[in-house]
Structures are given as C-alpha cells and as structure tokens.
Amino acid sequence: MNEDIRIHSWPCSYYLDTSKQWIPGKLSLTPSSIKFMADKTGELLVDFRLSGIGEIKKESSHLIFSSLTILEKGTKHWFSSLHPSRNVVFNILEHFWREQLLSSQEAGAGAALESSKGKELTGMLEGSQKRLEDTAKVLHSQGEQFDNIMRGLHKIEGDMDVADRLLTELESPSWWPFSTKLWKTPAEPKPKETPSAADPKTQEETLLRIPVIITHRADSNAKPGKLVLLPSALEIWDCHSQLLHRFESRDVDDIRVHSPYELSVRQRFIGKPDNSYRLLAARMPEAISILEVQFSRKIQFLEDALGFAGARRSPAADLGASIWQAASGFLGAAVNPGSPAGAGEGMDKEQVQLQKVSQEEAKELRQILKKLKGLALETEAELERQDEALDSISNSVDRATLNIERQNRRMRRLT
C-alpha cells in the first residue's frame with residue numbers, strides 16, 4: 001500500500017514554538033505519518049511517523065480553550081481550531097495510531113524470526129488459502145439462500161394446486177349434486193408448533209471483525225465502533241458493543257469505496273431518508289477484499305480509490321501465476337537439488353538462492369497446495385450446483401407466473 005496516500009485532512013492551527021504564534025494550515029493523515037502544512041507559505045512544519053507518537057490527548061490551555069496535543073519523541077505539538085470538531089480528529093488519529101502500533105508489534109515479532117524463501121512462499125500460500133476459504137464460506141451461504149428460495153417456490157406450487165382445485169369446485173354447476181363430494185379437498189391440518197430454532201444470526205461464522213470510525217448519514221460526529229462481516233450480512237457496532245445496524249445482503253443497495261481506508265454503505269428507501277453509514281479504518285483493505293466477493297455487483301470504486309482497485313486487480317493473475325510457478329520451481333529444486341527446474345548455463349546467483357528450500361518446507365508446501373486444490377474443486381462443484389439451482393429457480397418462477405395469471409383469469413370470470 002502506498003504510504004503517501006492522504007487518508008484525511010483538517011483545517012486547523014499549529015502552535016509554532018520558535019515564533020510563539022499560531023500558524024493556520026492543514027493537518028493531514030497518511031497511513032504511516034502525520035503532517036502539517038502552513039497555508040500562506042506552503043511550508044511543511046510537522047512531519048513525523050505514527051510509530052514515533054507517544055501520546056495523543058485532548059487538552060486546554062490559557063491561550064485557547066480546546067486543543068489537541070501529540071507527544072512525539074519528547075516534543076509536544078499543539079493543534080487548535082480543528083474542523084469539523086476536535087473529537088472527530090482525535091477519534092480518527094487515535095484509531096490509526098493504535099492500529100499502527102499493533103501492526104508494528106506484529107512486524108517486530110515476525111522480524112525476530114529468521115525467514116527463508118520457503119517460509120515466505122508458505123506465508124503467501126497460506127494467505128491465498130485463507131482468501132479462498134473466505135470465498136467458499138460466502139458461496140456456501142449463497143447456496144443456502146438458493147435452497148431456501150427453492151423450498152419457498154415448492155410451497156407456492158403446492159398452494160397453487162390447492163387454489164386450482166378450489167376454483168374447479170367453484171366453476172362446477174350448482175345443480176351438480178356430486179360437485180362437493182368430487183372436488184372437496186380435506187381441510188389442511190394445522191401446522192404443529194415447532195420449538196423456535198436458534199437465531200441464525202448467532203450461528204453465522206464471522207468472516208472479519210475490525211475497528212472502524214463510524215459516521216451516520218450527514219452527522220459530523222465520527223465515533224469509534226466495529227465492522228463485522230458475516231456470510232449473509234454486514235453489522236455495525238458502537239464502542240459499547242451495541243448493534244447500531246445490521247445490513248442484510250439483499251438490503252444493501254450500494255457500497256462506495258472512497259479510498260483504500262474509507263467506504264460508505266447505503267440502503268435506499270422511498271419516501272424517507274436513505275440509511276447510510278460512512279466507515280473509516282486502518283484495516284479497511286482487508287474488508288474491501290471480502291466485500292468485493294459478497295457484493296460484486298453493488299460495490300463501486302470512486303475516483304480516489306480507482307488506483308487502489310487497479311493495483312489490486314491488474315497484477316492478481318500475474319501474482320497468482322508467479323506464486324504457482326515459484327512453488328513448482330521450489331518443490332522441484334527441493335526434490336532434485338542437482339537439477340534445478342528451468343536452470344540454464346546463465347542462471348545467476350539470486351535464482352540459485354531462491355531454490356534453497358528444505359525438505360520440511362517442501363513437504364509443508366505440498367500440503368498447502370493439496371488443500372488449495374481441494375478448496376478449488378469444492379468451489380467449482382458448488383458453483384456448478386448453484387448454476388443448476390438458478391436454472392431451476394428461473395423455471396419455477398416462470399411456471400408460477402403462468403399459473404397465477406391463469407387462475408386470475410378464472411377468478412375474474414367467476415366474479
């Protein structure tokens with residue numbers, strides 16, 4: 001991800017200690033740093049990394065009532081006159097600062113372990129496996145929805161058969177003495193009350209849960225919360241673990257990606273305001289990759305996010321091909337170290353180093369590749385099954401439409 005992407009910027013004033021005065025300008029946030037640029041001179045007065053921040057606080061002074069302070073390597077920076085409000089800027093800065101600290105700790109722990117080329121490849125394949133597993137979960141949930149639709153259509157066809165028999169009885173002449181006996185259908189037994197099943201919402205497996213900054217509709221207050229992605233829904237929770245809104249997959253009208261770190265979800269209504277939420281998060285790229293699978297026809301990348309979308313999509317095929325080619329080469333080199341795959345007389349030292357994979361790593365790579373192959377085959381089978389289900393649903397809907405039209409004509413004749 002490009003570290004120069006500007007996530008957000010706010011008009012404010014910065015207290016310049018050397019001249020003892022407040023300088024108007026803009027405070028900008030990028031994925032890894034905070035910057036302040038003066039309006040008049042265009043000079044960059046502040047530029048430091050998020051990982052170097054020791055504290056972010058809301059404070060007051062005798063010079064100005066409300067301000068925001070950032071402690072960076074023993075130096076305290078003062079910002080005031082923040083728009084739209086100090087709380088909004090504080091919530092966003094604190095969110096990205098915390099996420100940066102967490103990612104730095106994870107990166108430090110990973111760097112402490114010496115990694116070889118085989119381990120790097122294993123990590124790449126494990127990431128691909130996780131992504132494929134997430135896709136399989138979404139497909140499985142979609143298949144269950146198709147099954148529910150089929151059951152509903154079968155019930156409609158049964159109800160249409162009952163309606164057909166009742167209409168036939170009504171169409172029989174009143175003087176026909178056997179009409180009731182011939183066509184009267186037994187009363188439908190009342191369905192037995194079955195114990196209520198567990199709420200499916202609690203049974204769904206969580207695909208992703210990330211902290212976000214939430215803005216509702218045109219509200220200028222940005223508040224911390226959580227975004228939870230489920231196979232059939234999207235949930236937004238506040239910082240007190242209270243559910244703010246649950247978007248079912250069918251309720252979402254569009255998802256707009258404003259930047260790699262910001263998106264909005266909207267549900268349209270007729271005669272009343274749309275229900276929309278704007279979400280900002282440091283880990284939003286992880287959520288976007290899942291939302292692209294779940295809402296492929298509803299997601300829209302705006303101008304500022306087009307570069308991000310292109311960077312993720314265009315090299316995907318090449319990256320996948322390179323991974324598989326590298327895996328084949330590595331495995332071949334591990335099994336036959338004397339004859340590297342694709343080696344020639346002009347092979348340089350870097351290519352030779354890439355082929356140094358231990359037997360254990362090669363074994364682990366084989367296992368991951370087998371799992372990936374199994375997942376791919378299961379996904380293909382599920383897609384074929386869903387294609388057949390869609391054809392069956394289409395045919396059932398056509399039959400139900402014809403039956404309804406035919407029975408409507410019969411009822412109009414009776415009246």
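As recorded in an unreviewed UniProt entry, the chain goes by Synaptosomal-associated protein 47 and comes from Alaudala cheleensis. The heading Sequence similarities (unreviewed entry) in the UniProt record of the chain holds the text "Belongs to the SVAP1 family."

1. Overview of the packing of aromatic side chains
Under the defined criterion, the tally for this structure stands at six aromatic pairs. Residues Tyr 15 and Trp 22 carry aromatic rings whose centres are separated by 5.2 Å and whose planes lie at 55 degrees to one another, so their mutual orientation is tilted. Here Tyr 15 falls in the buried class, since its relative accessible area comes to 19%. The class for Trp 22 is partly exposed, based on a relative accessible area of 27%. Consider the rings of Phe 96 and Tyr 261, whose centres lie 6.1 Å apart with planes at 70 degrees: the pair is edge-to-face. On the criterion of sequence distance, the pair formed by Phe 96 in helix α1 (residues 86-112) and Tyr 261 in the loop between β12 (254-259) and β13 (262-267) is long-range, its members being 165 residues apart. Per residue, the accessibility class of Phe 96 equals that of Tyr 261, and both read buried. Taken together through their ring pairs, the aromatic side chains of Tyr 14, Phe 36 and Phe 79 make up a single cluster.

2. Digging into the pairing of strand β6 (residues 67-72)
Within β6, five of the six residues are buried, which leaves the element mostly enclosed by the surrounding structure. The sheet contact formed by strand β5 (residues 53-59) and β6 spans six bridges and is antiparallel. Across the sheet, Glu 55 pairs through a bridge with Leu 71, a residue of β6. Sheet topology note: the β6/strand β7 (residues 75-80) ladder contains six bridges and is antiparallel.

3. Comments concerning helix α5 (residues 284-294)
With nine of its 11 residues buried, α5 lies for the most part within the structure. Within α5 the residues assigned to the buried category are Met 284, Pro 285, Ala 287, Ile 288, Ser 289, Ile 290, Leu 291, Glu 292 and Gln 294.

4. Brief notes about the UniProt feature "domain: T-SNARE coiled-coil homology" (unreviewed entry) in the chain
UniProt marks residues 134-170 and 352-414 with the feature "domain: T-SNARE coiled-coil homology" (unreviewed entry), using the numbering shown here. In residues 134-170, the share of helix is 100% and the share of strand is 0%. The end C-alpha atoms are 54 Å apart.

5. Looking at the environment of Glu 43
Inspection of the secondary structure puts Glu 43 in the loop between β3 (33-38) and β4 (44-49). Sequence separation between Glu 43 and Gly 25 is 18 residues, and the spatial gap between their C-alpha atoms is 9.5 Å. Those residues in contact with Glu 43, other than ones at most four positions away along the chain, are Phe 36, Met 37 and Ala 38.

6. Some points on the sheet that holds β4
Spatial ordering of the open sheet is given by β4-β3-β2-β1-β7-β6-β5, a layout of seven strands whose pairing is antiparallel. The sheet terminates laterally at β4 and β5, the two strands that pair on one side only. When strand polarity is set aside, the average angle formed by the axes of neighbouring strands in this sheet is 30 degrees.

7. Digging into the environment of Arg 250
When you line up the elements, Arg 250 lands in the loop between β11 (243-248) and β12. Once the C-alpha coordinates of Arg 250 and Ala 233 are considered, the two residues, 17 residues apart in sequence, prove to be 8.6 Å apart.

8. What about the pairing of strand β9 (residues 223-230)?
As judged from the seven bridges shared by strand β8 (residues 208-216) and β9, these two strands associate in the antiparallel manner. Each residue of the ladder has a partner; that of Val 212, found in β9, is Gly 225. Where β9 folds back onto strand β10 (residues 233-238) in an antiparallel hairpin, the turn is made up of two residues.

9. Examining the pattern of salt bridges
Applying the stated criterion across every chain, the model contains 18 salt bridges. Between Lys 76 and Glu 59 there is a salt bridge, with the nearest N and O atoms lying 3.2 Å from each other. Taken as a pair, Lys 76 in strand β7 and Glu 59 in strand β5 lie far apart in primary sequence, 17 residues in all. Residue Asp 274 is joined to Arg 266 by a salt bridge in which the shortest nitrogen-to-oxygen separation is 3.9 Å. Taken together, the salt bridges that share partners define one network made up of Asp 254, Arg 266, Arg 268 and Asp 274.

10. A word on the nonpolar core
Soluble globular proteins tend to pack their nonpolar side chains together in the buried interior. In this structure, Leu 27, Leu 29, Ile 34, Phe 79 and Leu 93 are the most contacted members of the largest nonpolar core, which totals 28 residues. Mapped onto this core, the elements with two or more residues apiece are β1 (8-16), β2 (21-29), β3, β4, β5, β6 and α1. Tallying contributions element by element places α1 first for this core, with seven residues. Looking at this core, you find at least three residues from each of domain 1 (8-103) and domain 2 (208-301). Setting aside its immediate chain neighbours within four residues, Phe 79 contacts Cys 12, Ser 13, Tyr 14, Trp 22, Leu 27, Phe 36, Val 46, Ser 67, Leu 68 and Ile 70. Grouped together as the second largest cluster of nonpolar side chains are 27 residues, Leu 234, Ala 281, Met 284 and Leu 291 included.

Definitions and limits used
- Residues numbered from 1 in each chain as written.
- Predicted model: local features only at pLDDT ≥ 70, side-chain atom pairs only at ≥ 80, totals over all residues.
- Heavy atoms only, no water.
- UniProt positions renumbered as here; feature names shortened; annotations may be inferred.
- Phe/Tyr/Trp six-rings, centres within 6.5 Å; stacked < 30°, edge-to-face > 60°.
- Buried < 20%, exposed > 50% of the residue type's maximum accessible area, 1.4 Å probe, protein only.
- Helix = DSSP H or I, 4+ residues; strand = E, 2+ residues; numbered from the N terminus.
- Pairing = 2+ DSSP bridges.
- Contact = heavy atoms within 4.5 Å.
- Axes fitted to C-alpha atoms, helices over the stretch in contact; angles between N-to-C directions.
- Salt bridge = Lys/Arg side-chain N within 4 Å of Asp/Glu carboxyl O.
- Core = buried A, V, L, I, M, F, W, Y, C linked by side-chain atoms within 4.5 Å.
- Domains from an automatic or database assignment.

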